[in-house]
Amino acid sequence: MNIIYTDVLVIGGGLAGLRTATGVKERGHDVVVLTLVPPKRSHSAAAQGGMQASLGNCRMGEGDNEDIHFEDTVKGSDWGADQKVVRMFVNTAPKAIRELAAWGVPWNRVRQGDHTAIINAQKVTINEKSEAHGLITARDFGGTKKWRTCYTSDGTGHSMLFAMDNKAHEDRIEVHERLEAIALIHENKRCYGAVARNLMTGELVAYIAKATTIATGGYGRIYSVSTNAVICQGMGQAIALETGVATLGNMEAIQFHPTAIVPVGILTTEGCRGDGGVLRDVDGYRFMPDYEPEKKELASRDVVSRRMTEHIRKGKGVPSRYGDHLWLDITILGREHIEKNLREVKEICENFLGIDPAKEWIPVRPTQHYSMGGIRTKYTGESQTLKGLYACGEAACWDMHGFNRLGGNSVSETVVSGMLVAEYISDFCDSEESSINIHTSVIEHFVNDQQQRLERFIHNKNGEDAYVLRRAMEKIMMEKVGIFRNGKDLKKAVEELEQLLFRSHNIEVFRSKSLAANPALVNAYRTKRMIKVALTVAYGALLRTESRGAHAREDYPERNDKEWLKRTIMRWDDPDKTMPTVSYEEIDIDTMELPPGFRGYGKDMTIRHPKSEIRQRQVDQIRVEVEEEGLDRFEVQRALMHYEELLPEKYRGRNERLNEPLI
Ligand SMILES: Cc1cc2nc3c(=O)[nH]c(=O)nc-3n(C[C@H](O)[C@H](O)[C@H](O)COP(=O)(O)OP(=O)(O)OC[C@H]3O[C@@H](n4cnc5c(N)ncnc54)[C@H](O)[C@@H]3O)c2cc1C
């Protein structure tokens, strides 16, 4: 048996995983990163639009700060987020951007003087001040109050990931590529590492660590059309679920992005709309202002996706052999802007659609995009129920996105959570608590169990075809657990998925019978797990009888704060069961800095919680009292909700801005 010991095991070589690895290594801990693909090819590289941080450098970002970023994020989440975690995040994001700049990310910069921009389909002139010249600039993105999304043209994730990977090389971080974690090793509610499978040789390796971190990204590929890379299959969430101890949070919270190209589902960034692009219907009519007079195309993604679907349902879609779609018009931005700031979009249009987006409109429709749900953690990134297991990035439900994450907040989360979680993990590794006490026979048991499961797939007779089951699952998710949901369809979806899971116990690998490099075998064990993940999504959606953020129930259109201000928690405590066990975690209004209210876009259809009004009065009163004392915004914030003590000391400092110099 091949056993590798390390202090920290990081599963996932995307932005979140690499930043965690760098952080723990800097604190003197050994770390090994496992990844399916070379880290630079992780899905993070596909992020085009940008990263949110309240630098306040450019003219349209002037006056921005943590408070405004906080408010945008909480409203965007439809009050599903953990507000303390949001505070930790907004405070650290500017530090993350600056650190990445120091690591070589070529952020677009402010240029003093006049430049033109398209706002609300009108050409406007913006004057940038000379003091800001050369500082990191930002674009309009994610429906935020201020322009705060920092970018490197439309290759933001690419340049971030490359800089991060270079840093990992510089720090001599050990990366084991094409090694897939297929099970977590745990005993007595303590995680000790993972069993990984070498995708080339088929060999199983046990990695034993004081702390194990899952940073495996989202689970978008349970849907048939998704903007996600083919490796975003939710295996991190699945192996956590299969411990029977770790829990998943809000798996039903799935984001649909409004502008993926038809039919393949490749994303055109929200930067297209942020930079002034508009949506048009079959008649070429710009319809969004009719639905959302204030935010128009830049309302939150859940709102725009729903409005587009509504408009198509009214017969205003453009018929095509792949179904109806709408148009994204960026021709109004001009060729120069497109070739400079939206280069990837141009290439995608040329290569996959055969069109020139500076001349022609782009066919788009809402498509599965982001997984708000994931492994439920404490604010430290540690699982609430399985000691020594951590999660961060899209794989986790930390939870700063609630039921809708804002554009630009996700790559930001990957880096910020990596920075913070690395500190908590390091503290844990420095403590007595982290000592490893596991018998070799236990490790052996986990490895042998996985080996037997793999062999069963190969030797099974008259079994099921995993490809067939997987296509069926993807179709169910697309048709019944999509943008608009209803009880009848969801119930059917759950029943059908349960059937598929039952059938998946009898999967046979028909093609190659090899235990080594064998895509059919990989598909077999992943499909079985994907169906479990899909079940947590569909079942969570069925039980949540309200509409919140991206979870839109046609039979329960109101956001119901009275009964549903809570997080769905799933556990799979009995491997023989075909359904997860569900519980709920209350979201406490009494301690909220921003009590539940209207998001500022979409329709306000809230069933209010009586406590919301009480807390709002308290908040108003505290504000008045503190402001009367002449205290600054930091002290006002502190009086409303404590969070600073939760941050690692290293990151507690304030952020310097042009209008807020550090004294
Ligand atoms: C097309 C697109 C554009 C986007 N644009 C933006 C944007 O502009 N701004 C923004 O904020 N967000 C954006 N997002 C979202 C954002 O890119 C992702 O949420 C984020 O990059 C996820 O990073 P991550 O590190 O959590 O995971 P990933 O980058 O997905 O990395 C996951 C890693 O885990 C590894 N892995 C997975 N399973 C296993 C396993 N079982 N064993 C070992 N390794 C495993 C993979 O090899 C990979 O290295 C976009 C998303 C998409 C789909």
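What you are looking at is a predicted structure, and each value in this text was computed from that prediction instead of being measured.

Procedures and definitions
- Residues numbered from 1 in each chain as written.
- Predicted model: local features only at pLDDT ≥ 70, side-chain atom pairs only at ≥ 80, totals over all residues.
- Heavy atoms only, no water.
- Pairing = 2+ DSSP bridges.
- Helix = DSSP H or I, 4+ residues; strand = E, 2+ residues; numbered from the N terminus.
- Axes fitted to C-alpha atoms, helices over the stretch in contact; angles between N-to-C directions.
- Contact = heavy atoms within 4.5 Å.
- Polar contact = N/O pair within 3.5 Å; in protein donor to acceptor, adjacent residues only side chain to side chain.
- Salt bridge = Lys/Arg side-chain N within 4 Å of Asp/Glu carboxyl O.
- Buried < 20%, exposed > 50% of the residue type's maximum accessible area, 1.4 Å probe, protein only.
- Patch = residues over 30% accessible without salt bridge, like charges linked within 9 Å, V, L, I, M, F, W, Y side chains within 5 Å.
- Areas by Shrake-Rupley, 256 points an atom, 1.4 Å probe, with all protein chains shown as cover.
- Lys, Arg positive; Asp, Glu negative; His and termini not counted.
- Charge placed at Lys NZ, Arg CZ, Asp CG, Glu CD.
- Phe/Tyr/Trp six-rings, centres within 6.5 Å; stacked < 30°, edge-to-face > 60°.
- Lys NZ or Arg CZ within 6 Å of the ring centre and 35° of its normal.
- Near = heavy atom within 4 Å.
- Nonpolar A, V, L, I, M, F, W, Y, C, P; charged D, E, K, R; others polar.
- Core = buried A, V, L, I, M, F, W, Y, C linked by side-chain atoms within 4.5 Å.
- Disulfide = S-S within 2.5 Å.

K.L.:
Explain the sheet that holds strand 15 (residues 362-371) here, please?
P.N.:
Two pairing modes exist for strands in a sheet, parallel and antiparallel, and in both the strands are linked by backbone hydrogen bonds. The strand order 12-15-14-13 describes an open sheet built from four strands, whose pairing is antiparallel. Either end of the sheet is taken by a strand with one partner, and the two such strands are strand 12 (254-261) and strand 13 (278-280). For this sheet the average axis-to-axis angle between neighbouring strands, irrespective of direction, equals 45°. In the sheet, strand 13 pairs with strand 14 (residues 326-329) via three bridges, with the strands oriented antiparallel. Counterpart to Leu279 in the pairing with strand 14 is Leu328.

K.L.:
Mind showing me how you'd approach the sheet that holds strand 22 (residues 566-571) here?
P.N.:
Read across the sheet, five strands follow the order 18-16-11-22-23 without closing on themselves; strand pairing throughout is mixed. Strands with a single pairing partner mark the edges of an open sheet, and in this sheet they are strand 18 (396-397) and strand 23 (581-586). On top of the sheet, helix 15 (residues 519-543) reaches strand 11 (248-249), strand 22 and strand 23; it is set at about 140° to strand 22, its chief contact.

K.L.:
What is the right way to look at the environment of Ile622 in this model?
P.N.:
Within the element layout of this structure, Ile622 appears in helix 17 (residues 610-628). Each C-alpha atom, one on Ile622 and one on Gly393, is 34 Å from the other, the two residues being 229 residues apart in sequence. If we ignore the near neighbours within four places in the chain, the residues touching Ile622 are Ala639 and Leu640.

K.L.:
Can you walk me through the side chain of His609 in this structure?
P.N.:
Turning to its location among the elements, His609 is positioned in the loop between strand 24 (606-607) and helix 17. Looking at His609, its side chain comes within polar contact range of the main-chain nitrogen of Lys611, at 3.0 Å.

K.L.:
Explain the pattern of salt bridges to me, please; I cannot follow it from the model alone.
P.N.:
Side chains carrying opposite charge are able to pair once their charged atoms draw close together. Inspection of every chain in the model, using the stated rule, returns 70 salt bridges. For the salt bridge of Glu464 with Arg503, the shortest nitrogen-to-oxygen distance reads 3.0 Å. With a gap of 39 residues between them, Glu464 in the loop between helix 12 (440-459) and helix 13 (466-480) and Arg503 in helix 14 (residues 487-504) connect regions that are remote in the sequence. Overall, Arg503 belongs to the partly exposed group, its relative accessible area being 32%.

K.L.:
How do you make sense of a negative patch on the surface when you look at a structure like this?
P.N.:
A surface patch of like charges, here negative, comprises Glu625, Glu628, Glu629 and Glu635. When you line up the elements, Glu625 lands in helix 17. Using a relative accessible area of 40% as the deciding quantity, one classes Glu625 as partly exposed.

K.L.:
Help me out: how do you make sense of the packing of aromatic side chains in this one?
P.N.:
Two measures describe an aromatic ring pair: the distance that separates the ring centres and the angle between the ring planes. With the rule as written, the count across this model stands at six aromatic pairs. Seen in terms of ring centroids, Trp327 and Trp361 are 6.2 Å apart; in terms of plane orientation they differ by 55°. Their pairing is tilted. Linking Trp327 in strand 14 with Trp361 in the loop between helix 10 (343-353) and strand 15, this pair joins segments that are 34 residues apart in sequence. Trp327 sits in the partly exposed class, given a relative accessible area of 21%. Summarising the aromatic geometry, the rings of Tyr390 and Phe428 are spaced 6.1 Å apart at their centres and angled 55° between planes, so their arrangement reads as tilted. In this pair, Tyr390 is assigned in strand 17 (residues 389-391) and Phe428 in helix 11 (residues 409-430), connecting sequence segments 38 residues apart. In this pair, the class of Tyr390 matches that of Phe428, namely buried. The cationic tip of Arg633 hangs over the ring face of Phe634; the distance from NZ or CZ to the ring centre is 4.2 Å. Arg654 extends its terminal NZ or CZ atom over the ring of Phe634, reaching a point 3.8 Å from the ring centre.

K.L.:
Just checking my understanding: could you explain the pairing of strand 8 (residues 179-187) for this structure?
P.N.:
Every regular strand shows the same layout, with side chains that alternate between the two sheet faces. Most of strand 8 is tucked away: eight of the nine residues are buried. Two strands pair when backbone bridges link them, and strand 8 and strand 9 (residues 190-198) are joined in this way by eight bridges, in the antiparallel orientation. Its bridge partner being in strand 9, His186 is matched across the sheet by Cys191. The turn joining strand 8 and strand 9, which pair antiparallel and follow one another in sequence, is formed by two residues; a positive phi near 50° is taken by Asn188.

K.L.:
Whenever I open this one, the site of the ligand confuses me. Can you help?
P.N.:
Residues in close proximity to the ligand total 40 residues, the closest being Ser42, His43, Ser44, Glu394 and Ser410. Within the contact set of the ligand, a nitrogen atom lies 3.5 Å away from a backbone nitrogen or oxygen of Gln48. One nitrogen or oxygen atom from the side chain of Glu394 is found 2.5 Å from an oxygen atom belonging to the ligand. With the chains in place, 98% of the 1000 Å² that the ligand exposes on its own is no longer accessible. For the shell around the ligand, the secondary-structure elements that each account for two or more residues are helix 1 (15-26), strand 2 (31-35), strand 8, strand 15 and helix 11. When grouped by side-chain class, the residues that make up the shell around the ligand number 17 nonpolar, 20 polar and three charged.

K.L.:
It is not clear to me how the nonpolar core should be interpreted in this structure. Could you clarify?
P.N.:
Where a protein is soluble and globular, its nonpolar side chains tend to be buried together. Ranked by size, the top nonpolar core spans 85 residues in total, and within it Ile214 and Ile222 carry the most contacts. Looking at this core element by element, the count peaks at 14 residues for helix 15. In terms of nonpolar packing, the next biggest core, distinct from the first, is built from 63 residues, Ile97, Ile173, Ala422 and Met641 among them.

K.L.:
Is there a simple way to explain the pairing of strand 15 in this structure?
P.N.:
Of all ten residues making up strand 15, ten are buried, and the element is well covered by its neighbours. Bridge analysis of strand 12 against strand 15 gives six bridges, and the strand direction is antiparallel. Looking at the pairing, Phe256 lines up with Gln368 of strand 15. Bridging between strand 14 and strand 15 involves three bridges; their strand directions are antiparallel. Pairing of Leu326 across the sheet is with Val364, part of strand 15.

K.L.:
Would you take a moment to explain the state of the cysteines for this structure?
P.N.:
Chemically, a disulfide is nothing more than a covalent bond linking the sulfur atoms of two cysteines. With the rule as written, the count across this model stands at zero disulfides. Its sulfur unpaired, Cys150 is 8.2 Å from the next cysteine sulfur, which belongs to Cys58. On the basis of relative accessibility, which here comes to 1%, the residue Cys150 falls in the buried class. In this structure Cys429 is not part of a disulfide, and its nearest cysteine sulfur, from Cys191, lies 12 Å away.

K.L.:
Explain the environment of Val110 to me, please; I cannot follow it from the model alone.
P.N.:
Relative to the helices and strands, Val110 is located in the loop between helix 3 (83-102) and strand 4 (113-119). Looking at Val110, the relative accessible area reads 2%, which means it is buried. Residues Val110 and Val278 lie 168 residues apart in sequence; the distance between their C-alpha atoms is 25 Å. Residues within four places of Val110 in sequence aside, it is in contact with Asn57, Cys58, Glu128, Ala132, His133, Gly134, Leu135, Ile136 and Thr137.

From the geometry alone we can't say anything about function, so treat these as descriptive.
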